[in-house]
Each structure stands twice: as C-alpha cells, then as structure tokens.
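Reading the structure
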Amino acid sequence: MSVELLDGTTILGFIEDEVAFNTLIDARFASLDSDSDGKLTYAEMAKELMSLRVLGSYFGAMDEPSLSHDEAAQLYQGLFKQFDKDGDGMVDLKEFRMEMKEVMLAVAHGLGFVPVQMVVKEGSFLKRAVDRELNIQAAGVSV
C-alpha cells in the first residue's frame, strides 16, 4: 500500500489509454478465470466483488453496516448481474471490460478534479493509473 495524490483526470487518462487499461483489465480477468474457459462465474468473481467494499466504510466515517448473510449475498449477486450484461450467468471479457470502465469512470467523476491523497493497494487500478501518470510526467509529456 502507498499514499498517492490523484484526481479524476488521473483515472480518465488511464481509461483513455486503451492499451494500458485493457492490458490491466485483461490480466485481472485472466487471474479470476480459474478454469481458463474465457468466462467468469459468480463463484470466480465473488472475491473480486467483495473487494470493492461496497459495504465497508471509507475514510472511517461510518461503522460497518450489519447485513445478514442472505442480504450480503443478494447485494453481491446484484453486482454480478451488473457485469453480466447478456444475462447468461457468465461474464465474458467484453462484459468485464465494459463494466470495469463504467466503475472507473464513476470513481473518476466521484473524485472530481481536486487532487486528494489516497491509500492505494499495489497493483490496483488506481495505483496503475497513478504510476502511468507519473511515468508520463517523468518522460516530459504533459497529461
């Protein structure tokens, strides 16, 4: 984990760099696709969905809500359905790319254009976006 300075433009730039963005998305998809069949089941995606921490609090502002196991399962199944655009019970790479782009756009718009310090996990989408921007700045190219 590291503390990074980022804003919405950092994330938008990463999304617009289709090669960098798709490379990361494809690698994440492959890491989740445990049977290498080119499709993700709910079971394969469950851990990733839970890592989104939609139930958790950010910045310590709220306590963890108390949901029953069934309520939490419904929430994560609903998230899975967001990825499963064609409703076939599986998520293919195209669907995964499309929804991850939407998620990252929502994060970018949520952050806005005022830089904030954020703790990010090594290898995460946000860390990769920051690293990409830093590499561009180091090369002397404006973002």
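Reading the values: the criteria
- Residues numbered from 1 in each chain as written.
- Predicted model: local features only at pLDDT ≥ 70, side-chain atom pairs only at ≥ 80, totals over all residues.
- Heavy atoms only, no water.
- Helix = DSSP H or I, 4+ residues; strand = E, 2+ residues; numbered from the N terminus.
- Buried < 20%, exposed > 50% of the residue type's maximum accessible area, 1.4 Å probe, protein only.
- Contact = heavy atoms within 4.5 Å.
- Areas by Shrake-Rupley, 256 points an atom, 1.4 Å probe, with all protein chains shown as cover.
- UniProt positions renumbered as here; feature names shortened; annotations may be inferred.
- Phe/Tyr/Trp six-rings, centres within 6.5 Å; stacked < 30°, edge-to-face > 60°.
- Pairing = 2+ DSSP bridges.
- Salt bridge = Lys/Arg side-chain N within 4 Å of Asp/Glu carboxyl O.
- pLDDT = per-residue confidence, 0-100.
- Patch = residues over 30% accessible without salt bridge, like charges linked within 9 Å, V, L, I, M, F, W, Y side chains within 5 Å.

In the nomenclature of an unreviewed UniProt entry, the protein chain is known as EF-hand domain-containing protein of Rhynchospora tenuis.

**Some points on the overall build of the protein chain**
A tally of regular secondary structure across the protein chain gives six helices and four strands. Going from the N terminus to the C terminus, the protein chain shows its helices and strands as β-α-α-β-α-α-β-α-β-α. Every one of the 143 residues in the protein chain was classed for burial, and the buried ones make up 36%. The contacts in the protein chain between residues at least 6 apart in sequence include a share of 68% that link residues at least 24 apart. Summed over all atoms, the accessible surface of the protein chain reaches about 8800 Å², with 57% contributed by carbon and sulfur.

**A few points about the UniProt feature "domain: EF-hand" (unreviewed entry) in the protein chain**
Cross-referencing UniProt, the feature "domain: EF-hand" (unreviewed entry) maps to residues 71–106 in the present numbering. The straight-line gap between the two end C-alpha atoms of residues 71–106 is 24 Å; of that span, 75% is helix and 6% is strand.

**Considering the packing of aromatic side chains**
Applying the stated criterion across every chain yields a total of four aromatic pairs. Both rings, one in Phe-14 and one in Phe-21, keep their centres 5.7 Å apart while their planes meet at 80°; by these two values the pair is edge-to-face. A single burial state applies to Phe-14 and to Phe-21, both of which are buried. Three or more aromatic residues joined by ring pairs make a cluster, and in this case those are Phe-29, Phe-83 and Phe-96.

**A look at the pairing of strand 1 (residues 2–6)**
Across the two faces of strand 1 the burial differs, with Ser-2, Glu-4 and Leu-6 buried and Val-3 and Leu-5 not buried at all. In this sheet, strand 4 (residues 116–120) lies alongside strand 1 in antiparallel orientation, the contact comprising five bridges. Bridge pairing links Glu-4 to Met-118 in strand 4.

**Re the pattern of salt bridges**
When the charged atoms of two side chains with opposite charge come close together, those side chains can pair. The full count for this structure, using the stated rule, is six salt bridges. A salt bridge links Lys-85 to Glu-99, with the nearest nitrogen and oxygen atoms 2.6 Å apart. You can see Lys-85 sitting in the loop between helix 4 (69–83) and strand 3 (91–92) and its partner Glu-99 sitting in helix 5 (residues 93–111), a full 14 residues away along the chain. Look at Glu-99 and you get buried, because its relative accessible area is 8%. In this structure, a network of salt bridges that share partners links the residues Glu-4, Lys-127 and Asp-131.

**Side note on the environment of Met-50**
Inspection of the secondary structure puts Met-50 in helix 3 (residues 42–51). The exposure class of Met-50 is partly exposed, given its relative accessible area of 43%. With 26 residues separating them along the chain, Met-50 and Tyr-76 place their C-alpha atoms 7.2 Å apart.

**Description of the confidence of the model for the protein chain**
Per-residue pLDDT for the protein chain averages 85, and the proportion of residues at 70 or more is 86%. Note on residues 56–64: pLDDT is under 50 here. Beyond four places in sequence and across chains, it has six contacts.

**Focus on a nonpolar patch on the surface**
Among the surface-exposed residues, Met-1, Val-3 and Val-119 lie close enough to one another that they form a single nonpolar patch of about 350 Å² accessible area. Here Val-119 is to be found in strand 4. Residue classification places Val-119 among the exposed positions, given a relative accessible area of 55%.

**Some words on the environment of Ala-108**
By the secondary structure assignment, Ala-108 is in helix 5. Here Ala-108 falls in the buried class, since its relative accessible area comes to 1%. Taking the C-alpha atoms as reference points, Ala-108 and Gly-8, 100 residues apart in sequence, are found 4.0 Å from one another. In contact with Ala-108, other than residues within four places in its own chain, are Gly-8, Ile-11 and Leu-12.

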